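Coordinate analysis (summary)
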Amino acid sequence: MTTINPIETRPLRPLFLSYLFPAMIGMLLMSVNILVDGIFVSHGVGPTALAGVNIAVPIFSILLSISLWIGMGGATLFSISLGEGNKKRAHQLFTLSFTTMIVVVMTLILILLLNLKKISYIFGASDATFPYVQEYLHVILIFGVFYTIENLLSIFIRNDGNPKLAMMGLITTSVLNIILNYIFIFMLNYGVTGCALATALSTIIGTSVLCLHFFRKQSELKFVRKFFSLSDLKKIFAIGLPSFIVEASVAVIVILYNVTFLHYLGSDGVTAYAMINYIHTVLLTVFLGVGMALQPLVSYHHGARLIGRLTALLKIGIATAFILGLTTVIIATLFPSQLIALFGDSTFEIRNMAAQGFVHFAIGYVFLGVNMVFAEFFQSIEKIRLATTIMLLRSIILFIPALVLLPKFFGPQAIWWTFPVAEGITALLIFIFMKKKTFTIFSEGSSLKAL
């Protein structure tokens, strides 16, 4: 007898919420981990050491983006296979994703270690900061494979119906990172090396927590000998591409904003944006969490061809993202000064510039969440062109012209409108497209194949 997976029959709202909160908390903790390292280094080692760690962070982010790329691509196909009832293929996809990521990451780490000095200077290191960059990255890169394993496992475990354990692994890592940072930096005086060791050791222990999933009776995360398929490998990289674009575009957007603010408002503008970017980094992970919660459910229902529940899931995701976005705008409008005060201590002029700017900037969150939900939805049902187009529209195609033209025609304050304008136009284009194509996406007969 074939048993029906509870995912197929459980009411959708409580099912979605059971994935939503662990996903949001997990994504939040990933962003907080990087902030924690900066806080401890700045107070325990000094500003030059902090600059060194900040230079190393983008290299750290490259490893994260690769694990997201392969993890999201593989996990989407994994859930679709489970929905289709093809457990054998699901096992092969998990093994292929895990093995591919190990090979790619280890190769990249070896290249980085052999060219550490050259790469550090390309990323902005100087003679003063390089010793700290080297000290931090030596440890991070040696243990970097564990960081990517933790991220990939948390994605697959969420897709295998255990979002709470995925969250607990990341909570373990974050709490231990704080404790070990304090011990290594303030008690043992290990400096930047202590910070890197704290990150590495906490990640290894957090990964060990995630490995408990393999002992779960219902676990479908199984390693198999015969797993390689070139067509599946291509699909993994294709489906995971939108997730990679999200992570990779963050660094590009920050650089472009910094250059523009420096040109129009000088160093004060850059500092004001830095304060807002701290808030934005945290909020972005919250909205990413909505998409992360949606993906396993959408992929499974797509594989099972449960079109009615698939449509309902999309509506629940859009409503959740819109409510979160609207709540963010209301809070930003009512308490901008208080929010800015949490993330920076500077002159009154800079704080005032940041507070006024954030009121305009925050309008973009109404659209950001909706755009992320649609991109994640299309990615989860293997409509990669649509998902990739949405990500490129909001982060490159619409963003760059808006950043160039708005301040030129409407003055420096219009820089703050770049984010809401790019996200708003993207959302408008999505709804125009959906209005024309809804019947082909959700018709029972087409089974989502018409696009």
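Residues numbered from 1 in each chain as written. Predicted model: local features only at pLDDT ≥ 70, side-chain atom pairs only at ≥ 80, totals over all residues. Heavy atoms only, no water.

Looking at an unreviewed UniProt entry, the protein carries the name Multidrug export protein MepA, with the source organism given as Lysinibacillus xylanilyticus. Under the Sequence similarities (unreviewed entry) heading, UniProt states for the protein: "Belongs to the multi antimicrobial extrusion (MATE) (TC 2.A.66.1) family. MepA subfamily." (UniProt positions renumbered as here; feature names shortened; annotations may be inferred.)

A look at unusual backbone geometry
Positioned with a positive phi, Asn189 is a non-glycine residue whose angle comes to about 55 degrees. Along the chain, Asn189 turns up in the loop between α7 (163-187) and α8 (191-210). Its relative accessible area of 63% is what places Asn189 among the exposed residues. The phi dihedral of Arg305 falls on the positive side, at around 60 degrees, and the residue is not glycine. By secondary structure assignment, the location of Arg305 is in the loop between α9 (230-304) and α10 (307-334). (Helix = DSSP H or I, 4+ residues; strand = E, 2+ residues; numbered from the N terminus. Buried < 20%, exposed > 50% of the residue type's maximum accessible area, 1.4 Å probe, protein only.)

Some points on the environment of Ala321
Mapped onto the elements, Ala321 comes out in helix α10. Along the chain, Ala321 and Met24 lie 297 residues apart, while their C-alpha atoms are 12 Å from each other. Those residues in contact with Ala321 that lie beyond four places of it in its chain are Phe287, Gly369, Val370 and Val373. (Contact = heavy atoms within 4.5 Å.)

Structural notes on the nonpolar core
When a protein is soluble and globular, its nonpolar side chains tend to lie buried together. Ranked by size, the top nonpolar core spans 133 residues in total, and within it Tyr257, Phe358, Tyr365 and Phe374 carry the most contacts. Per-element accounting of this core gives the leading share, 25 residues, to α9. Those residues in contact with Phe374 that sit more than four places away from it in its chain are Leu314, Ile318, Ile390, Ile430, Phe431 and Met434. (Core = buried A, V, L, I, M, F, W, Y, C linked by side-chain atoms within 4.5 Å.)

Some words on the side chain of Glu423
Relative to the elements of secondary structure, Glu423 occurs in helix α16 (residues 418-442). Among the polar contacts listed, one links the side chain of Glu423 to the side chain of Arg394, at a separation of 2.8 Å. The residues contacting Glu423, other than those within four sequence positions of it, are Gly364, Phe367, Leu368, Asn371 and Arg394. (Polar contact = N/O pair within 3.5 Å; in protein donor to acceptor, adjacent residues only side chain to side chain.)

Concerning the side chain of Asp232
The topology assignment puts Asp232 in helix α9. Of the polar contacts made by the side chain of Asp232, one reaches the side chain of Arg89; its length is 2.6 Å. Beyond its immediate chain neighbours, meaning those up to four positions away, Asp232 contacts Leu77, Arg89, Leu93 and Leu96.

Things to note about the packing of aromatic side chains
Scanning all chains against the criterion turns up 27 aromatic pairs. Ring geometry for Phe78 versus Phe156: centroids 5.5 Å apart, planes at 75 degrees, classification edge-to-face. Highlighted residues: Phe78 in helix α2 (residues 47-84) and Phe156 in helix α6 (residues 144-159), separated in sequence by 78 residues. Across this residue pair, the class does not change: Phe78 and Phe156 are buried. (Phe/Tyr/Trp six-rings, centres within 6.5 Å; stacked < 30°, edge-to-face > 60°.)

Details of the pattern of salt bridges
Counted by the stated rule, this structure contains 3 salt bridges. Glu220 is the partner of Lys87 in a salt bridge, and the nearest nitrogen-oxygen pair spans 3.3 Å. Of the two residues, Lys87 is situated in helix α3 (residues 87-114) and Glu220 in the loop between α8 and α9; the sequence distance between them amounts to 133 residues. Of the charged contacts in the structure, one is a salt bridge between Arg394 and Glu423, with a shortest N-O distance of 2.8 Å. On the criterion of sequence distance, the pair formed by Arg394 in helix α14 (residues 384-397) and Glu423 in helix α16 is long-range, its members being 29 residues apart. In this structure, Arg394 and Glu423 share a single accessibility class: buried. (Salt bridge = Lys/Arg side-chain N within 4 Å of Asp/Glu carboxyl O.)

Topic: the packing of α9 against helix α13 (residues 364-380)
Packing of α9 against α13 brings their axes to within 7 Å, and their N-to-C directions diverge by 40 degrees. The pairing of α9 with α13 is recorded here as oblique in orientation. The handedness of the crossing between α9 and α13 comes out as right-handed. Of the residues belonging to the contact of α9 with α13, the class tally is 16 nonpolar, 10 polar and 1 charged. (Axes fitted to C-alpha atoms, helices over the stretch in contact; angles between N-to-C directions. Parallel < 35°, antiparallel > 145°, perpendicular 65-115°, else oblique. Left-handed = near helix turned anticlockwise from the far one by under 90°. Nonpolar A, V, L, I, M, F, W, Y, C, P; charged D, E, K, R; others polar.)

Let's talk about the environment of Phe419
With respect to the secondary-structure elements, Phe419 resides in helix α16. In sequence terms Phe419 and Phe227 are 192 residues apart; their C-alpha atoms lie 43 Å from each other. Contacts of Phe419, omitting those with residues within four sequence positions, involve Tyr257, His280, Phe361, Gly364, Tyr365 and Leu368.

Comments concerning a nonpolar patch on the surface
A cluster of nonpolar side chains, contributed by Val252, Leu392, Ile396, Ile397, Ile400, Val404, Leu405, Phe409 and Phe410, occupies part of the molecular surface with about 810 Å² of accessible area. Counting only elements with at least two residues in the nonpolar patch, the list comes to α14 and α15 (399-410). Topologically, Ile397 is positioned in helix α14. Judged by relative accessible area, which is 47%, Ile397 ranks as partly exposed. (Patch = residues over 30% accessible without salt bridge, like charges linked within 9 Å, V, L, I, M, F, W, Y side chains within 5 Å. Areas by Shrake-Rupley, 256 points an atom, 1.4 Å probe, with all protein chains shown as cover.)

Some details on helix α5 (residues 130-142)
For α5, which comprises 13 residues, the first-to-last C-alpha distance of 18 Å matches the rise-based estimate of 18 Å (1.5 Å per residue) to within 8%. All of the buried residues in α5 are Phe130, Val133, Tyr136, Leu137, Val139, Ile140 and Leu141. (Expected span 1.5 Å × (residues − 1).)

Section: the packing of α5 against α8
Following both chains from N to C, one finds α5 and α8 inclined at 20 degrees, their axes separated by 8 Å at the closest point. Relative to α8, α5 is oriented roughly parallel. Classified by chirality, the crossing of α8 by α5 is right-handed. Contact with α5, carried on its side by Tyr132, Glu135, Tyr136, Val139 and Ile140, involves Val192, Thr193, Cys195, Ala196, Leu197, Thr199 and Ala200 of α8 and no other residues of that element. Looking at the contact of α5 with α8, its residues break down into 9 nonpolar, 2 polar and 1 charged.

Concerning the confidence of the model for the protein
Residues of the protein with pLDDT of at least 70 account for 94%, and the chain-wide mean is 86. Here residues 442-451 is modelled with pLDDT under 50, and outside its nearest four sequence neighbours on either side it reaches 28 contacts, counting other chains as well. (pLDDT = per-residue confidence, 0-100.)

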